[in-house]
Each structure stands twice: as structure tokens, then as C-alpha cells.
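Here is what each chain is made of, one letter per residue.
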Amino acid sequence: MLKLKIKLGSPAMVITDEWIGMEVEVVESSNPCEIGIKGVVVDETMRTLRIKTDRGVKVVEKKGRAFKVKYGRWLLKVRGDLIAFRPEDRIKKGIMLIKKSKLAKIDV
Amino acid sequence: MKIVYVDFVRFTPTETDLFEGYDLIVPFNNDANSDIKGYLVKASNTSELQKKLKKAKGFVGVMSEDLKVNREAVMRRKVCVILDFEGRKIDYTTIKMAKDKDVIIEVSLSKFLRVKGLKRAKLLDETRLLLKLLLKFKTPFILTTGAENQLEVRPRKQLYRFFYFLSKDGGIDCVELIKLAKENSNRIFRKLVDKKYIMDGIEILDV
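Because the structure is predicted, anything quoted here is derived from the model rather than measured.

Here's the deal with the overall build of chain A
Within chain A one finds one helix and six strands. Counting helices and strands in the order they occur from the N terminus, chain A gives β-β-β-β-β-β-α. Counting all 108 residues of chain A, 42% fall into the buried class. Of all intrachain contacts in chain A linking residues separated by at least 6 positions in sequence, the fraction that spans at least 24 positions is 48%.

As C-alpha cells, then:
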């Protein structure tokens, strides 16, 4: 079995990390009304994120969207398809996705 | 978004003027001294493939005539691309697996230049079928010259035009084919060159 050393704190680990409490902004969406929704994630389900904005809590689907998120010292753009799992499953599934990805930069 | 064109060759190019229209040339030549190069693995059986893959690192390309070797190569995590040449054998199952494992299938032009007559006609038929399957499964693929020397290099426009008419002749959606080929070319460029690219779906906007 190939062992992969993923550096803790690497930007790729954002998909395995807890998103509740993170500041996010929707930057890409098939629904143009969702683009620009910015706030703090207050809850998360398998397919949606509940974002608390100035105008109240907005529910945004994960699939088909891209989010700008502040993770550590980086500002990242993350595709929602990579986090479209139950929060408790995301640790395992996220690591599997990182390991499956070819030429992923895991030691940044 | 700007489209970036990538070409795979089997020699170390000394004159870049010949590569008209390409933004990045990746030589699959283990002796090459360029910053960005591919690691070439040639194998005639699966045990030889496994031995050589242990030493391989970086952007790994596998070249083999054996169907079983290509199938095994697609399943390996280290392998990034299955390189094309006139003797390559690749089947339905391998193409389907390549989609799941995110392995790029190269479709090259230079193999047609090296054969003549009936062999070339057969090769054209096989390539048409391959393109049909690649489109059907949306397997990542790339259109390249696959040149083994400078005489086999062709400009990018000529390359794409050739595959456009080849696919049109075979009743394949040529516009979709070219569009996917360009998208895959962009992806490969970002994986190899872009420092802000982490993996598919994650990129750094700012530090």
C-alpha cells in the first residue's frame, strides 16, 4: 500500500477540516443570486451549507458551487463537489480524495 | 479563460520555433535536463512495470504494447498518462478505469506518420473508435504530436485540424472533442506549472 505523507496544515486539508465557523463567500454558482453570499458557516448538512450573512441565514447547496474560504494563512477557492459529504464522513472521504488526486501538492 | 496548449514528445527539443502554437512542451525523455519533464516507463510485462514504477517519480508516462500492462498501469496511483504509439493496445475496460483513476490517455499524430498503407488505415479506424469511447466516458485525454524527433513535430493548428476531421469522418462530435482536449490541456498545464494549483478543485487565491 502506498503511504502518503500529507502535511498537517496543508491547503489540501481544507476538505477534511470542520467548516462550521469558517468565513466563506460563494464565488461561482449556477444560480446567479447566490454569487456574493458572504458570511460565517453556522451549520452544515450532507449537501448544504448554512451561511449567516448580514441579511440573515442563507442555505446554499454545495454541489456545483465554488467557495472562497480563509484557511490558515491561505485564501483558497474550493469547489463544493469536494465537500459534498456528511461532516462526520468528510475526514475519511477528504483524505481519500487527496490520495486519489494525481500530482496534488500536499507538502505546501 | 486563456487556453494553454501542452505537447508531449519523446526527445529533448533543441529548437522551440518548431513548436508553433504550444505553450508547454513536456519531453518524456529520462535524460532530459528541462525543469518540466515526464518520466518514461517502458514495460513489456506487469512485473517489469512494477519494478520500474518503484523508481519513478513526478509526471509518469507508461508506454507498452501489452494490454495487461496498460490496464495495470491505469490502476497505479503513480501513473499519470498512458502514452501513445503505433503498437499500443488499449481496450474498453482500460478507458473506463482511466476515467475513475484520473489517468490521461494520449492520442498522438506521429504514429500515423510512421506507418503506411493498410496499417495506417487500420490505425485510423482504431483511433476513431478510441475517440468515440473517450468522449462517451468523458475520460481525460490529450491530443499531442507524440514526436520522436524534430521531423515529426507539427504546428498545433494542424494537429487539432487533423483530429477534427478524423472525428467528423467517424461521426463523432468533433466540436465537443476539441473542447474537451483543450480543457484537459489546461488542466495538465496547471498541474505541472501553476504554483497556486493544489489539486483539482482547490487553488490558492492569496497567501
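With respect to the nonpolar core
Of all hydrophobic cores here, the largest spans 47 residues; its most connected members are B:Leu49, B:Ile82, B:Leu131, B:Leu134, B:Phe141, B:Leu143 and B:Phe163. Take this core: its biggest share by element is seven residues, from helix α5 (residues 117-137) of chain B. Among the nonpolar cores identified, the runner-up in size contains 27 residues, and A:Met13, A:Ile15, A:Val41 and A:Phe67 belong to it.

A closer look at empty space enclosed by the protein
The tally for this structure, following the rule as stated, stands at one cavity of 30 Å³ or more. In this structure, the largest cavity encloses a volume near 30 Å³. Lining the largest cavity we find A:Lys102, A:Leu103, B:Phe59, B:Cys80, B:Asp102, B:Ile104 and B:Lys191. Taken together, the residues of the lining of the largest cavity sort by class into four nonpolar, no polar and three charged.

Side note on the sheet that holds strand β2 (residues 38-44) of chain A
Ordered by their spatial adjacency, eight strands build an open sheet running β4(A)-β3(A)-β2(A)-β1(A)-β5(A)-β6(A)-β9(B)-β8(B), and the pairing between neighbours is antiparallel. Whereas interior strands pair on both sides, the edge strands pair on one side only; in this sheet they are β4 (56-61) of chain A together with β8 (197-199) of chain B. On average, adjacent strands in this sheet sit at an angle of 40° to one another, irrespective of strand direction. Bridge analysis of strand β6 (residues 74-79) of chain A against strand β9 (residues 202-206) of chain B gives four bridges, and the strand direction is antiparallel. When the sheet's bridge partners are listed, A:Leu75 is paired in β9(B) with B:Asp206.

About the cut-offs
Residues numbered from 1 in each chain as written. Chains lettered and ligands numbered in written order. Predicted model: local features only at pLDDT ≥ 70, side-chain atom pairs only at ≥ 80, totals over all residues. Heavy atoms only, no water. Helix = DSSP H or I, 4+ residues; strand = E, 2+ residues; numbered from the N terminus. Buried < 20%, exposed > 50% of the residue type's maximum accessible area, 1.4 Å probe, protein only. Contact = heavy atoms within 4.5 Å. Core = buried A, V, L, I, M, F, W, Y, C linked by side-chain atoms within 4.5 Å. 1 Å grid on protein atoms, 1.4 Å probe; cavity = no way out; pocket = protein on both sides within 12 Å on 5 of 7 lines; lining within 4 Å. Points joined across faces, edges and corners; volume = space filled by probe spheres on them. Nonpolar A, V, L, I, M, F, W, Y, C, P; charged D, E, K, R; others polar. Pairing = 2+ DSSP bridges. Axes fitted to C-alpha atoms, helices over the stretch in contact; angles between N-to-C directions.

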